[in-house]
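Observations on the model geometry
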Amino acid sequence: MDKFTNVSGVAAPMPLVNIDTDMIIPKQFLKTIKRSGLGVNLFDEMRYNADGSEIADFVLNQPAYRNAEIIVAGENFGCGSSREHAPWALKDFGVSVVISESFADIFYNNCFKNGILPIMLPKEAVETLMDDATKGENARISVDLENQTVSATDGTEFAFEVDAFKKHCLLNGLDDIGLTYQKIDAIDAFEKAQAEKTPWL
Amino acid sequence: MSAPKTLYDKIWDAHVADEAEDGTCLLYIDRHLVHEVTSPQAFEGLRMAGRTVRAPEKTIAVPDHNVPTTLDRADPATMTEDSRIQVEALDKNAKEFGVHYYPVSDVRQGIVHIVGPEQGWTLPGMTVVCGDSHTATHGAFGALAHGIGTSEVEHVLATQTLIQKKSKNMKVEITGSLRPGVTAKDITMNVIGKTGTAGGTGFVIEYCGQAIEELSMEGRMTVCNMAIEGGARAGLIAPDQKTFDYCNGRPNAPKGAEWDAALENWKTLFTDEGAHFDEVITIKGEDIAPSVTWGTSPEDVLPIDALVPSPSDFTGGKVAAVERALAYMGLEAGQKLTDVKIDTVFIGSCTNGRIEDLRAAAGVLKGQKIKDGMRAMVVPGSGLVRAQAEEEGLAQIFKDAGFEWRMAGCSMCLAMNPDQLKPEERCAATSNRNFEGRQGRGGRTHLVSPVMAAAAAVTGKLTDIRSFEGAA
Ligand code: SF4
């Protein structure tokens, strides 16, 4: 996994609540056996007409947001299906930060495995950043993971919480499996004890 | 005496293989279920890193999401090329890594969450994961079961553990008994209607109370299935005699002395008196009406005799979401739900594709015909459910009524195979998600119970099962 680097860029505003993973990447694009190439189909049904032409007023089709690296979204972002294709599509498009009041659990976890930082902030902070985001290229939102802050264009800073272990892995681009292999003795021991105690498992 | 524990606490504690200082745990996984859509990249990752599957004997694979459900599906030409590539990739990966496998040609093939319990892979007190959010289904057995992403699938394949932090405990109690016409599906939809789709975020829910105890195992699976729609990591129901009877004799359940030992252990799987819940929700069973969704989020639930709401009934971000949902669904605020005309009926999915669901729907359809022009299909949850329904004469009832009688799979629950809605086509579905485009681009989904779906097929409208008298 690539290391997460600080981002300072244009943020796309998506105030809709409950944006689900079916919206982020509809199922017809789950038929790939690869992780890459899903960016063109990010938000496919909101972004394109049935004939493939772009829906002009969808945020990511507007000139200011075509290269957005941040999304500021309504609450409960990423609910629904567990498909990791959702963070893959975001990442492939170029988004590495999503800011919202709240995220669905599985999506939230999936982000960290793919170099995306989901940031949870209180309502007022999200509203300020959402306002900022609507200004398009006239606004820049900056995210500093090391110091756990998000800054609006006018310099207002918001601190955010992130799990220390997840932060460590993101900053260093660490592979979970490699880390877990370091604890293989504990797994072996657990397995042995379990086989004695509850052999039907 | 140690402090009183919840059922979740007990299963969690019994599966922590390692705990770091900050509370991050390696949770040991007893069963790993795998399907064709979320696993190819995980197996590919193992292969590229030269890793193996740590416990193939605890790993069960079955293709379900994209398989055709037509009778001629043995012919590979019935599959689109990309679907075929995924199914073939699973065939190959299952063989290469030596995991248990039920291919499309096997009568035991079906939706992964129906096959697991049916084959006795799911047992009380286990940890169960799958790269699919509806893994919550298995919680009906008192197993800690949740959906994971593809990177986690790879992690479990390689290490048989998951990196986890403990969730909070929520109790959802359904008191008293259900009224006639009200089903497990209505319970679970009403809980989501009450908590919202984010209400369960960060929690594992334990469902309890008389109405839950009175449900069959099938009904309990329906309730836990949709825990994820309320945002919860998992849903749980304490095992009881019904659970043990269901498991007894299943192909992969323990036998003989091992069964006796297991049973002893399973009888300790309940929440201790005085255990702490971070949140408690109580709903009276007799207050639950047969329900239906009107919008594009599973929290958009109302009793069938209600009116379509107006955006002004809501606040905050939900106002815009409701405006968008009503436009998408082609509904007017104030319209009676029972006036909404239906084009298609879908009975199936891991929510309501079990034998009891088919019995309930067939009970409504006996001697009835579906409305002229209606498209109606039954997709049994597994090949074995299908065979049993044929043996019990249910298949004939569906066919006589005008339903298509399909092969097992996910089908129109997510429309990855050719079973899809056309734009603006309106469907009463027994599945679990009414998201925009879920059943086909532009398709409109109303989630209902199997009996309500059957009644809608006959009348051609959303129908209150309590006043349904049939067309005869
Ligand atoms: S039936 Fe639907 S919800 Fe269940 S596993 Fe299949 S696609 Fe997912």
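Here, the structure is the one placed above.
Now for a quick tour of the structure. (Residues numbered from 1 in each chain as written. Chains lettered and ligands numbered in written order. Predicted model: local features only at pLDDT ≥ 70, side-chain atom pairs only at ≥ 80, totals over all residues. Heavy atoms only, no water.)

Observations concerning the sheet that holds strand β18 (residues 426-429) of chain B
Two modes of strand pairing occur in sheets, parallel and antiparallel, and in both the strands are linked by backbone hydrogen bonds. All names here are of chain B. The parallel open sheet is built from five strands, whose spatial order is β17-β16-β15-β18-β19. Of all strands in the sheet, those with a lone pairing partner are β17 (404-405) and β19 (444-447), marking the two edges. As judged from the four bridges shared by β18 and β19, these two strands associate in the parallel manner. By the bridge assignment, R426 is partnered in β19 with R444. Helix α11 (residues 318-329) rests against β18 and β19 of the sheet, and its axis sits at about 105° to β19. (Pairing = 2+ DSSP bridges. Helix = DSSP H or I, 4+ residues; strand = E, 2+ residues; numbered from the N terminus. Contact = heavy atoms within 4.5 Å. Axes fitted to C-alpha atoms, helices over the stretch in contact; angles between N-to-C directions.)

Concerning the site of the ligand
Residues and elements named next belong to chain B. If you check the shell around the ligand, you find H65, I111, H113, D132, H134, S349, C350, C410, C413, L414, N432 and R438 and nothing else. According to the grid-proximity analysis, the pocket containing the ligand is the largest cavity. Tallied by class, the residues present in the shell around the ligand amount to five nonpolar, five polar and two charged. (Near = heavy atom within 4 Å. 1 Å grid on protein atoms, 1.4 Å probe; cavity = no way out; pocket = protein on both sides within 12 Å on 5 of 7 lines; lining within 4 Å. Sits in = over half its atoms within 2 Å of the grid points. Nonpolar A, V, L, I, M, F, W, Y, C, P; charged D, E, K, R; others polar.)

Some thoughts on the packing of aromatic side chains
Residue and element names in this part refer to chain A. Counted by the stated rule, this structure contains 16 aromatic pairs over all chains. Between F77 and F103, the aromatic rings sit 6.3 Å apart at their centres with planes inclined by 80°, giving edge-to-face as the arrangement. Of this pair, F77 sits in the loop between β3 (70-73) and α3 (85-93) while F103 sits in the loop between β4 (97-100) and α4 (105-112), and the two are 26 residues apart along the sequence. The pair F77 / F103 is uniform in exposure class, with both members buried. Here the aromatic cluster, defined as three or more aromatic residues joined through ring pairs, consists of F77, F103, F107, Y108 and F112. Positioned over the ring face of F112 is K166, at 5.7 Å from the centre of the ring. (Phe/Tyr/Trp six-rings, centres within 6.5 Å; stacked < 30°, edge-to-face > 60°. Buried < 20%, exposed > 50% of the residue type's maximum accessible area, 1.4 Å probe, protein only. Lys NZ or Arg CZ within 6 Å of the ring centre and 35° of its normal.)

With respect to the pattern of salt bridges
Throughout the structure, instances matching the rule amount to 33 salt bridges over all chains. Between K123(A) and E127(A) there is a salt bridge whose closest N-O contact spans 3.8 Å. Here E127(A) and K123(A) lie together in helix α5 (residues 123-133), a separation of four residues that amounts to about one turn. Among the residues examined, K123(A) registers a relative accessible area of 41% and is labelled partly exposed. In this structure, D419(B) and R406(B) form a salt bridge, with 3.1 Å as the shortest nitrogen-oxygen distance. Remark: R406(B) occurs in the loop between β17 and β18 and D419(B) occurs in the loop between β17 and β18; sequence separation between them is 13 residues. Each member of the pair, D419(B) together with R406(B), is buried. Because the salt bridges share partners, they merge into one network encompassing D22(A), R83(A) and R438(B). (Salt bridge = Lys/Arg side-chain N within 4 Å of Asp/Glu carboxyl O.)

Remarks on the side chain of D132(A)
Along the polypeptide, D132(A) turns up in helix α5. The buried category is assigned to D132(A), whose relative accessible area is 5%.

Description of the interface of chain A and chain B
Each side of the interface is counted separately: chain A has 54 residues, and chain B has 73 residues. Buried surface at the junction of chain A and chain B, summed over both partners, amounts to about 5,200 Å²; 55% is from carbon and sulfur atoms. Counting the surface chain A buries against chain B, the share from its top three residues, K27(A), K31(A) and W200(A), is 16%. For R438(B), the salt bridge is made with D22(A), and the minimal N-O distance between the two is 3.4 Å. Inspection of the region where chain A meets chain B yields 31 residue pairs in polar contact (both at pLDDT 80 or more). (Buried area = accessible area lost by both parts, 1.4 Å probe. Polar contact = N/O pair within 3.5 Å; in protein donor to acceptor, adjacent residues only side chain to side chain.)

Here we look at the layout of surface pockets
There is about 1,500 Å³ of room inside the largest pocket. Around the largest pocket sit 50 residues that line it, and Y108(A), N109(A), F112(A), K113(A) and D176(A) are the ones nearest its centre. Of all elements in the fold, only α3, α4, α6 (164-172) and α7 (176-181) of chain A together with α2 (40-49), α5 (150-159) and β8 (161-164) of chain B reach the threshold of two or more residues within the lining of the largest pocket. Across the lining of the largest pocket, the residue classes break down as 16 nonpolar, 14 polar and 20 charged. Estimated volume of the second largest pocket: approximately 400 Å³. Contributing to the lining of the second largest pocket are 23 residues, with V17(A), E75(A), E101(A), K123(A) and G317(B) lying nearest its centre. Counting residues per element, the lining of the second largest pocket draws most heavily on α5(A), at five residues. Taken together, the residues of the lining of the second largest pocket break down into six nonpolar, 10 polar and seven charged. (Points joined across faces, edges and corners; volume = space filled by probe spheres on them.)

Here's the deal with empty space enclosed by the protein
Take a probe with the size of a water molecule and roll it over the atoms, and the empty space left behind shows itself. Residues and elements named next belong to chain B. Going through the model one piece at a time under the given rule, you end up with six cavities of 30 Å³ or more. Of the volumes computed, that of the largest cavity is approximately 200 Å³. Surrounding the largest cavity, 22 residues form its lining, H65, D132, H134, L414 and R438 being those nearest its centre. A per-class count over the lining of the largest cavity returns eight nonpolar, 10 polar and four charged.

Some thoughts on the nonpolar core
Formed by 116 residues in total, the largest nonpolar core has its most connected members in F43(A), L90(A), F398(B) and F403(B). Counting residues per element, this core draws most heavily on helix α16 (residues 450-459) of chain B, which supplies eight residues. With sequence-adjacent residues up to four places away left out, F403(B) is seen in contact with V345(B), I347(B), L365(B), I370(B), A376(B), M377(B), V378(B), F398(B) and A457(B). Listed in part, the 60 residues of the second largest apolar core include I11(B), W121(B), F203(B) and L215(B). (Core = buried A, V, L, I, M, F, W, Y, C linked by side-chain atoms within 4.5 Å.)

A word on the sheet that holds strand β2 (residues 11-14) of chain A
Residues and elements named next belong to chain A. Across the sheet, four strands lie side by side as β2-β3-β4-β5; this open sheet has parallel pairing. Unpaired on one side and paired on the other, β2 and β5 (117-120) mark the two borders of the sheet. Taken over all neighbouring pairs, the strand axes of this sheet differ in orientation by 20° on average, direction set aside. For β4 and β5, the ladder comprises four bridges, and the chain directions are parallel. Looking at β5, one finds that I99 is bridged to I119.

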